[in-house]
Amino acid sequence: MAYRADYYAGLINTLILIFVNIAIWKAIYGEDGSYDGVQLKIVLTYIVLGFLMQSFFIMDDYFIQNKITNGLISTDLLKPISFRLLVFSYSIGASGFKIIMNLVPAIIISLLFFEFLPPFSVSMFILFILSLCLGYLVLYCLNFIVWLTAFWFYQTFSLVTIKDALIAVLSGALIPLWFMPTWLYNFIKLTPFDSIYYIPITIYLGQTPSNEIMTCLLKQVLWIVLLTVIGHFIWKAATKKLVVQGG
Amino acid sequence: MPIIEVSNLTKDYKLNVRKKGLLGSIQSLIIPEYKMKRAVEKISFTIEKGDMVGFIGPNGAGKSTTVKMLTGILTPTDGEINILGMSPSKQRKKIATKIGVVFGQRTQLWWDLPVSDTFDLLKSIYRISDSAYKKNMEMFNELLGLKEFITQPVRQLSLGQRMRADIAASLVHNPDIILFDEPTIGLDVIAKEKIREFIKVVNKEKNTTMLFTTHDMMDIEKTCKRMIIIDHGTIIYDGTVNEIKEKHGKKRTIVAEFAQNINNIILPEGVEITEEADNKKHMQFNRDEVQVSEVISYLTSKYNILDLTIKEPEIESIIREIYEGGIDYDKTVSGDSEEVISEQLGVSR
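Every chain begins its residue count from 1, and numbering advances along the sequence as written. A letter from A marks each chain and a number from 1 marks each ligand, given out in the order of writing. In view of the model being predicted, local features appear only for residues whose pLDDT reaches at least 70, and side-chain atom pairs are presented and counted only at 80 or more, with totals across whole chains, interfaces and linings using the full set of residues.

You'll find chain B entered in an unreviewed UniProt entry as ABC-2 type transport system ATP-binding protein, with Ruminiclostridium sufflavum DSM 19573 given as the organism.

In the annotation of an unreviewed UniProt entry, chain A is listed under the name ABC-2 type transport system permease protein and assigned to Ruminiclostridium sufflavum DSM 19573.

A. Representation of the overall build of chain A. For chain A, the count of helices and strands is 11 helices and 2 strands. Along chain A, helices and strands appear, N-terminal first, in the series α-β-β-α-α-α-α-α-α-α-α-α-α. Here the radius of gyration uses the C-alpha set of atoms, whereas the globule reference equals 2.2 Å times the residue count to the power 0.38. In summary, chain A has a C-alpha radius of gyration of 19 Å against a globular reference of 18 Å for 247 residues, a match within 12%. Taking the contacts inside chain A whose residues are at least 6 apart along the sequence as the reference set, 79% of them involve residues at least 24 apart. Comment: elements are numbered from the N terminus, with helices defined as DSSP H or I runs of at least four residues and strands as E runs of at least two. Here contacts are defined at the residue level, using C-beta atoms placed from the backbone and a cut-off of 7 Å between them.

B. How the structure looks around the overall build of chain B. Summing up its helical and strand segments, chain B has 13 helices and 13 strands in all. Across its three principal axes, chain B shows a C-alpha extent of roughly 75 × 60 × 50 Å. Residue burial is a threshold on neighbouring C-beta atoms within 10 Å of the residue's own C-beta, all placed from the backbone, with 20 or more meaning buried, 12 or fewer meaning exposed, and counts in between meaning partly exposed. For chain B, buried positions account for 34% of its 349 residues. Residue pairs in contact within chain B that sit at least 24 positions apart in sequence constitute 72% of those at least 6 positions apart.

C. Here's a closer look at the UniProt feature "domain: ABC transporter" (unreviewed entry) in chain B. UniProt positions are given in the numbering used here, feature names are shortened, and annotations may be inferred rather than shown by experiment. UniProt's entry tags residues 17–257 of chain B with the feature "domain: ABC transporter" (unreviewed entry), counted in the numbering of this structure. Helix makes up 40% of residues 17–257 of chain B and strand 26%, and the two end C-alpha atoms of the span are 57 Å apart.

D. Representation of helix α8 (residues 157–170) of chain A. Given a helix with a known number of residues, its expected span is that number minus one, times 1.5 Å. The end-to-end C-alpha separation of α8(A) is 20 Å, in line with the 20 Å expected for 14 residues at 1.5 Å each. Remark: Gly172(A) follows α8(A) within two positions and exhibits a positive phi of approximately 80 degrees.

E. The sheet that holds strand β2 (residues 33–47) of chain B, seen in detail. Residues and elements named next belong to chain B. Any two strands between which DSSP finds at least two bridges are classified as paired. Read across the open sheet, the 3 strands follow the order β2-β1-β4; overall the sheet is antiparallel. Either end of the sheet is taken by a strand with one partner, and the two such strands are β2 and β4 (78–83). Between one strand axis and the next, the sheet turns through 30 degrees on average, direction left out of account. Axis angles are defined between N-to-C directions and span 0 to 180 degrees, where every axis is a line fitted to C-alpha atoms and, for a helix, only to the segment in contact.

F. Quick look at the environment of Gly60(B). Residue and element names in this part refer to chain B. Checked against the element boundaries, Gly60 lands in the loop between β3 (52–56) and α2 (63–71). Note on Gly60: 13 C-beta atoms within 10 Å, which makes it partly exposed. Here the alpha-carbon distance between Gly60 and Ala39, two residues 21 residues apart in the chain, equals 7.8 Å.

G. Fine view of the interface of chain B and chain A. On the chain A side, the residues contacting the 18 residues of chain B number 15 residues. At the level of elements, α2, α3 (92–96) and β5 (99–103) of chain B are the ones that each hand at least two residues to the side of chain B that touches chain A.

H. Up close: the sheet that holds strand β11 (residues 272–277) of chain B. Residue and element names in this part refer to chain B. One open sheet holds the 4 strands; their spatial order is β11-β12-β10-β13, and the pairing between them is antiparallel. The open sheet terminates on both sides in strands that have one partner only, identified here as β11 and β13 (305–311). If you compare each strand with its neighbour and ignore which way they point, the axes differ by 20 degrees on average. Of the strand pairs in this sheet, β11 and strand β12 (residues 280–286) are connected by 5 bridges, and their pairing is antiparallel. By the bridge assignment for β12, Glu272 is matched with Gln284.

I. View of the confidence of the model for chain A. Across the chain, each position has a pLDDT score giving the predictor's confidence in that residue, from 0 to 100. Averaged over chain A, the pLDDT score is 87; the fraction of residues at 70 or greater is 94%. Of all secondary-structure elements in chain A, the lowest mean pLDDT belongs to strand β1 (residues 34–35) of chain A, at 62, while helix α6 (residues 122–148) of chain A reaches the highest, 94.

J. Layout of the UniProt feature "transmembrane region" (unreviewed entry) in chain A. All names here are of chain A. Within the UniProt annotation, "transmembrane region" (unreviewed entry) is assigned to residues 7–28, 40–64, 85–114, 120–153, 165–185 and 217–235. Between the C-alpha atoms that bound residues 40–64 there is a distance of 41 Å. The span itself is 80% helix and 0% strand. For the annotated span residues 165–185, helix accounts for 48% and strand for 0% of the residues, and the straight-line distance between the end C-alpha atoms is 17 Å.

K. Expanded view of the packing of helix α6 (residues 159–171) of chain B against helix α7 (residues 189–206) of chain B. Residues and elements named next belong to chain B. Between α6 and α7, the least distance of the axes is 10 Å, while the angle of their chain directions is 10 degrees. Here α6 lies roughly parallel to α7, going by the angle between them. Listed contacts from α7 to Gly160, Met163, Ile167 and Leu171 of α6 are Ala191, Ile195, Phe198 and Val202. If an angle is under 35 degrees, it is roughly parallel; if it is over 145, roughly antiparallel; if it lies from 65 to 115, roughly perpendicular; otherwise it is oblique.

L. Structural view of unusual backbone geometry. All names here are of chain B. Phi at Asn174 takes a positive value of approximately 50 degrees, unusual for a residue other than glycine. Its location among the elements puts Asn174 in the loop between α6 and β6 (177–181). A residue is classified by how many C-beta atoms lie within 10 Å of it, and Asn174, with 17 of them, is partly exposed. One non-glycine residue with positive phi stands out, namely His232, at about 50 degrees. When you line up the elements, His232 lands in the loop between β8 (226–231) and β9 (234–240). Residue classification places His232 among the partly exposed residues on the basis of 14 C-beta atoms within 10 Å.

Listed below in structure tokens is the structure:
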């Protein structure tokens, strides 16, 4: 019962957020439906797509922290399995569940009630799916680094909150990055954040010129590699630091 | 070639010193103060294949820390561990297939899953062959009675059942070494006995090397021949259980019930009264100084005695005295564990 209530609440939450944001953007655009040369329809599709992605991009930020604070991490480390793979599989599994249970109903409702443009073309859609998967991995690698700080701080709530805020603003999940001031936009391009939401969504919308798509995908891959390497070193340091709580 | 080799193992913990009160909290927030605590200090020992070794010490002596370092969960600050030629903190996954660990205080079973599912999961995690798995499960059913509760979720098990399942789970992959961290904690006498018996059978049949930490001296007496006592992070004794009894258990107590109350009893030299109640008297003496038979014949010849018993000190009271520092342990005498092991095995290696 408790789980069922949680599930419906999560679904309603996604829909309310989409609805509110659509209302905000419609208000900004006013009557004429065009602002800075960008069509309202494109922005709305961007927003809806962003929230649909967020519905399954959300990961359990306290999975590692809980294992450390209650000491159960020792049980995992006693098994001949890779702890990092365990965490990754858990995240993939949870996201898979959310795709089936949250995303599918949310897509159906969005298609029925919200103005939602189809993908620019079939090939763009395939590239979008690929870029989406890469975006997920970038987010995961970034999250993993933040989660690992639990080995030092035990309580990571503040750090997770800061991370979430940064992602919400800088990744283009809430506001399309083309509305950002140029200097900020250029700065974000140097960070891994735009790889998470902005790149996949603009590919879907056909806003990325086809000759730049490969560069964007390559950029995503590069960030995955770089963040994985950083995560690897932090993990090595974390295992040295580990203090098993209680007993 | 010893199966476990530990040399100069040291582990430091960094503790955050918290000051009292609101001002103190703010102070430790701005200028945190740390204190280093040495949990384990330069301990060395070796364990041979098939040995059963008790690892005892008071709370906070460093037992669990040592066990965790042996499994590779904790990385030692200094010193070396060699298990089957591998270093646990560097080759954790490889070693995990060779060892089994039982933590009495926390379960390794999946809390919400039925016991049988846990075993199925372990089977695939450790890649156990069907035949070996079946054989082991039969053995566990027979000796630990897993069948009674194998379909229940772990959270519904009693402590005794959970412990039995935990021990079986740590053995299902036929490990070469099993580390028990207080396996009998909180169990009743019968459950304890059952687990000890099981451990003994496994040790005999599979020649599994076992290291125990426990506070229950009966566990050690009934299962292990050798024991290592650790206190304040250092080893203060490493030798056989019998030897420590011999060395430190020299005191004998005669409890005699006299026919009438004797107020000023005259005793041989070296014998003193430790307790008196009605006609019963407890008389203590050192076995090396006074002969038991002498005391008895002296007493019987002089007084009318109704009942007489001789008490040997129990291992528990000896250990208590060691913890309290009553017995000055002389390292040079029985520190030679090599000799002790060969004695224990009784065979040439």
